[in-house]
Amino acid sequence: MPTPPTMISRNYTGPWRKTPGRLFGVGLVRLYQLTFSPLVGGHCRHLPTCSEYAYEAIARHGLWRGGWLSAKRVATCGPFGGHGIDNVPD
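As recorded in an unreviewed UniProt entry, the protein chain goes by Putative membrane protein insertion efficiency factor and comes from Jiella flava. Quoted verbatim from the Subcellular location (unreviewed entry) field of the UniProt record, the comment on the protein chain reads "Cell membrane".

What am I meant to see in the packing of helix α1 (residues 20-35) against helix α3 (residues 50-61) here?
The description of two packed helices rests on the angle between their axes and on the distance between the axes. In the contact formed by α1 and α3, the axes pass within 9 Å of each other and the chain directions differ by 170°. Compared by their axis directions, α1 and α3 come out roughly antiparallel. Contact residues: α1 offers R22, G25, V26, V29, Y32 and Q33, while α3 offers S51, E52, A54, Y55, I58, A59, R60 and H61.

I tried to follow the environment of F24 on my own but got confused; where do I start?
The topology assignment puts F24 in helix α1. Look at F24 and you get exposed, because its relative accessible area is 52%.

Which parts of the structure should I look at to understand α3?
It helps to recall that an α-helix has 3.6 residues per turn; residues three or four apart then point in one direction. Taking 1.5 Å per residue, twelve residues should reach 16 Å; α3 reaches 16 Å between its end C-alpha atoms and fits that length. Summarising burial for α3: eleven of the twelve residues are buried, a large majority. Of the positions making up α3, those classed as buried are C50, S51, E52, Y53, A54, Y55, E56, A57, I58, A59 and H61. Looking at the buried positions of α3, the neighbouring elements they touch are α1 and α4 (63-75). Residue G62 follows α3 closely and has a positive phi angle near 95°.

Can you help me understand the layout of surface pockets in this one?
Space left empty within the atom packing is revealed by a probe, the size of a water molecule, rolled over the atoms. For the largest pocket, the calculated volume is near 630 Å³. Lining the largest pocket are 25 residues, with Y32, S37, T49, C50 and S51 positioned closest to its centre. Breaking the lining of the largest pocket down by element, the ones donating at least two residues are α1, α2 (37-40), α3 and α4. In terms of residue count, α1 provides more of the lining of the largest pocket than any other element does, five residues in total. Classifying every residue of the lining of the largest pocket by side-chain character gives ten nonpolar, eleven polar and four charged.

Here is what the cut-offs are and how they apply
Residues numbered from 1 in each chain as written. Predicted model: local features only at pLDDT ≥ 70, side-chain atom pairs only at ≥ 80, totals over all residues. Heavy atoms only, no water. UniProt positions renumbered as here; feature names shortened; annotations may be inferred. Axes fitted to C-alpha atoms, helices over the stretch in contact; angles between N-to-C directions. Helix = DSSP H or I, 4+ residues; strand = E, 2+ residues; numbered from the N terminus. Parallel < 35°, antiparallel > 145°, perpendicular 65-115°, else oblique. Contact = heavy atoms within 4.5 Å. Buried < 20%, exposed > 50% of the residue type's maximum accessible area, 1.4 Å probe, protein only. Expected span 1.5 Å × (residues − 1). 1 Å grid on protein atoms, 1.4 Å probe; cavity = no way out; pocket = protein on both sides within 12 Å on 5 of 7 lines; lining within 4 Å. Points joined across faces, edges and corners; volume = space filled by probe spheres on them. Nonpolar A, V, L, I, M, F, W, Y, C, P; charged D, E, K, R; others polar.

So this is what it looks like as structure tokens:
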């Protein structure tokens, strides 16, 4: 029986161009994940979580478009927002 692969990171691990804007954006998201996210707790109703979504969106689409996608995603996280799986668009 094969063993399942170990999870290295919950953030996006695929290939992405490491431009200064993208590095700055994912750095801010990672800073949030390490500092404020543990204080807020795990109450996200989406998969991936909003910070994981933001990390992947910025890594794949750049700071401006990825930031816009992330802002739209966070806006849907209110009490009357949706839930479920919401992947970053290609």
